[in-house]
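Analysis of the macromolecular model
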Amino acid sequence: MNETIGSFHFHSDFDSGNLAKVVVNEKNDNEFHLWTLPDCANTPYENGNRTWFYFGVKGPCNTVVKFNIMNLNRQAKLYSQGMKPLFKVLPHQEQWERIKDKPICSMEDQSFVLSFKFTMPSQENSTVYFAFCYPYSYSDLLFDLDTLEARFSAKEGNIYFGRELLCNSLDQRRVDLLTVTRNGDENRRDKPVVFVSARVHPGETPSSFVLNGFLDFILKEDDIRAQKLRENFIFLLVPMLNPDGVYRGHYRTDSRGVNLNRVYLETDAVLHPTIAATKQLLLDLAKEELAMETNSMSTLEQKVKETLLVQTDDSNCKDDSVTLWPLSFKDDGGRTNFAGLQFPNTTDETILPLSSSTILSGSTLEGAEEGDVSAQYFDVAPATSSVAVAPSTKSRLFAYIDLHGHASKRGIFIYGNHFKDANQQVECLLLPKLISLNSQHFDFWACNFSEKNMRQRDKRDGLSKEGSGRVAVSKLTGIPRSYTLECNYNTGRMRNILSPLPTDKFPLFHATTGDAKDEERLDGSTLSRRRTVSAGPSLTDAFAPPVPYSEQSFKEVGEAIAVSLLDLIGANPMSRLPQSTYGDVDGARQWIRLHCLGQRRFPFVEADADEESTCSHLPSSSTTANSLQQVTTV
């Protein structure tokens, strides 16, 4: 759109712009009714996604203008939690800010209406841009990648940065694949690979800032943690899986109205080229463990599909998972205290250390004998993993992380997969837990690892989450670390108070409390120190009030993901863990084992819970009413 109405000029004919129509109020020349374009507007693929808006306005200086966006998808929950449209003023204010006054939401003729006022800038010839959330366009991505490519073009130093064409989109836009590792290691086959992708849903712009934060960190030249990451991993990144949807100003679908995050099992290389290329790349990385009978992707996929429990009706989706309870859960006698938690007492001879080098696969720990401690912890023997292909120690694919935005539930959190095997579930939960120890904004308690959330059908299009990247990649490759990271557009429920870095001389916050004590623990030949916290301190000792998210908030989470990967493999030279309750990654892993067994309680009275997430990783008998009395500080 590019149109002058009275003394105002509106336009959205730019990359990611979205505005369909503007009508002036007959009674007030400074009030306008606006309509957005649905995804694939005016095509046979038009659908009902109408959340994203992004347009520019030029008008008289210092004039108070009222905008009524008339046809948005109903997002009353999001705006009731303080969400405000963003604006910037060019050429004078290039940074996006939230408008000052709270917008008003209403329903008119069964349509959701968002109304807000704004005072036009005092500078002549200024253009004000308004957007649903922080924009990051296809053009922005190309500019940033061109800058990075020029910076690392000499191929000198210790950083390898590679940019190559993964494929072209349906509209023939470039889809880039980035490779980052230590210079000279780019072709090594013995280094694990971490894969990160974003913008499969084009309007979920926070995902781009999370990816940029991750990328900026692993490209740091002088940070020893970034150096360690490049030494230990090869990073593959696809920054924009749906460039056509981004460019067109869509919210959720591609140029044919397809939700690309539901086609990872039923992939058409012609209709879904970006997903087909991404999936083939991931399968190639995992082919060592998949090449049992054939290297044919189609044959493998057929076997996987035959193992899936595809439901024809969402009401039939049931969570058949089994909660594995400790034998002595109902008996308070004979327990040992760990970080304020109780677990069955064992003798020194039966304790099996859960070190970062231990490979967790199958129904028992690899190398464990019958009768070991894992069998004593459960009423029933751990079931076979629900993943179709058993994980292999030879797989190059270490982790898959697909980045998204979220409108209804506050916080930044992860959707992971459900494993009936407890050891695999521990490994699935461990990385999200570590992220919460390195990020102020990541909410571990909002994460969802339920079986139901792997098979649930979307209310909008009826498509099952079995076709999402997170679920399909885990089923096709067998890896436990396959995640969807979700970012609320506006804010969270709280902020984590982080343990200090070793370099912090005067930390403002500390995750432990006054009754914490240091305990020495002998682990083989290594003496480490672990902080334990007894039950009882208030929640304010561990959490701070939330703040509205900014671009930097999302980038901070991306950086925390990178740092947490180092913690996960025990290679972080500047780890917060020694100053935390857990002491090291083994302590965090042990805490996760107890958490999976249902001995942790949900620490919030959930005011904004949705049916997908509330306490999904806890036993169904847990109630938030009792949680505030039972929670222990982390």
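Basis of the calculations
- Residues numbered from 1 in each chain as written.
- Predicted model: local features only at pLDDT ≥ 70, side-chain atom pairs only at ≥ 80, totals over all residues.
- Heavy atoms only, no water.
- UniProt positions renumbered as here; feature names shortened; annotations may be inferred.
- Pairing = 2+ DSSP bridges.
- Helix = DSSP H or I, 4+ residues; strand = E, 2+ residues; numbered from the N terminus.
- Axes fitted to C-alpha atoms, helices over the stretch in contact; angles between N-to-C directions.
- Salt bridge = Lys/Arg side-chain N within 4 Å of Asp/Glu carboxyl O.
- Buried < 20%, exposed > 50% of the residue type's maximum accessible area, 1.4 Å probe, protein only.
- Disulfide = S-S within 2.5 Å.
- Contact = heavy atoms within 4.5 Å.
- Core = buried A, V, L, I, M, F, W, Y, C linked by side-chain atoms within 4.5 Å.
- Polar contact = N/O pair within 3.5 Å; in protein donor to acceptor, adjacent residues only side chain to side chain.
- Left-handed = near helix turned anticlockwise from the far one by under 90°.
- Nonpolar A, V, L, I, M, F, W, Y, C, P; charged D, E, K, R; others polar.

The protein chain carries the name Cytosolic carboxypeptidase-like protein 5 in an unreviewed UniProt entry, which gives Daphnia sinensis as its organism. Reading the Cofactor (unreviewed entry) entry of the UniProt record for the protein chain gives the comment "Zn(2+)".

Details of the sheet that holds strand E10 (residues 111-119)
Here we have 5 strands laid out as an open sheet, ordered E3-E4-E6-E10-E9, and mixed in their pairing. In this open sheet, the two edge strands, each paired with only one partner strand, are strand E3 (21-25) and strand E9 (104-108). Strand after strand, the sheet turns through a mean of 25 degrees between neighbouring axes, direction not considered. Of the pairings in the sheet, the one linking E9 to E10 comprises 5 bridges and is antiparallel in character. Looking at the pairing, methionine 107 lines up with phenylalanine 112 of E10.

Considerations on the pattern of salt bridges
The final tally for this structure, using the stated rule, is 22 salt bridges. Between arginine 188 and aspartate 185 there is a salt bridge whose closest N-O contact spans 3.6 Å. Judged by its relative accessible area of 30%, arginine 188 is partly exposed. Here glutamate 427 and arginine 589 are joined by a salt bridge, their closest N and O atoms 2.8 Å apart. Taken together, the residues glutamate 427 in helix H10 (residues 422-438) and arginine 589 in helix H14 (residues 585-596) connect sequence positions 162 residues apart. By relative accessible area, glutamate 427 is classed as buried at 4%. We classify arginine 589 as buried; its relative accessible area is 3%. Each member of the salt-bridge network shares a partner with another, and the members are Asp146, Glu149, Arg163, Arg174 and Asp176.

Concerning the state of the cysteines
Tallied over the entire structure, the rule returns 0 disulfides. No disulfide involves cysteine 487; its sulfur sits 9.4 Å from that of cysteine 133, the nearest cysteine. Accessibility expressed as a relative area gives 0% for cysteine 487, which makes it buried.

Some remarks on the sheet that holds strand E13 (residues 174-182)
The mixed open sheet is built from 7 strands, whose spatial order is E12-E13-E15-E14-E18-E20-E19. The open sheet has two free edges, formed respectively by strand E12 (159-168) and strand E19 (412-415), since each of these has just one partner strand. Recorded for the sheet is a direction-independent mean angle of 20 degrees between the axes of neighbouring strands. Alignment of strand E18 (residues 397-406) against strand E20 (residues 482-488), held across 7 bridges, turns out to be parallel. Counted as the bridge partner of aspartate 402 is threonine 484 from E20. Together, E19 and E20 form the strand contacts of H10, whose direction differs from that of E20 by roughly 35 degrees. Sheet strands in contact with helix H13 (residues 551-568) are strand E14 (193-198), strand E15 (234-238), E18, E19 and E20, and its direction is about 150 degrees off that of E20.

Describing the pairing of E13
The side chains of a regular strand alternate, residue by residue, between the two faces of the sheet. With respect to burial, E13 is a largely interior element, 7 of its 9 residues being buried. Inspection of the sheet shows E12 paired to E13 by 9 bridges, in the antiparallel sense. When the sheet's bridge partners are listed, tyrosine 160 is paired in E13 with threonine 181. Where E12 folds back onto E13 in an antiparallel hairpin, the turn is made up of 5 residues, including glutamine 172, whose phi is positive at roughly 65 degrees.

Re the nonpolar core
In globular proteins that are soluble, nonpolar side chains generally tend to be buried together. Counting 111 residues, the largest nonpolar core has Phe10, Phe67, Phe130, Phe132, Phe235 and Leu485 as the members making the most contacts within it. With 9 residues, H13 is the largest single contributor of residues to this core. Judged by nonpolar contacts, the second largest core, of 28 residues, contains Leu166, Phe195, Tyr264 and Ala472.

A few points about the environment of glycine 405
Note on placement: glycine 405 falls in strand E18. Exposure remark for glycine 405: the relative accessible area of 5% places this residue in the buried category. The spatial distance from the C-alpha of glycine 405 to the C-alpha of glutamate 486 is 5.1 Å, given a sequence separation of 81 residues. Beyond its immediate sequence surroundings of up to four residues, glycine 405 is in contact with Glu204, Glu486, Cys487 and Tyr489.

Points about the environment of serine 395
In this structure, serine 395 sits in the loop between helix H9 (373-376) and E18. A residue is classified by how much of its surface remains accessible, and serine 395, at 14% relative accessible area, is buried. On a C-alpha basis, the gap between serine 395 and threonine 477 in space is 8.5 Å, while along the polypeptide they are 82 residues apart. A polar atom in the side chain of serine 395 sits 3.2 Å from the backbone nitrogen of leucine 397.

Overview of the packing of helix H6 (residues 273-285) against helix H12 (residues 469-477)
Interaxial distance between H6 and H12 falls to 10 Å at its minimum, and their mutual angle equals 35 degrees. In the packing of H6 onto H12, the handedness of the crossing is right-handed. For the pair H6 and H12, contact is made by Lys279, Leu282 and Leu283 and by Val473, Leu476 and Thr477, respectively. Among the residues making up the contact of H6 with H12, the classes are represented as 4 nonpolar, 1 polar and 1 charged.

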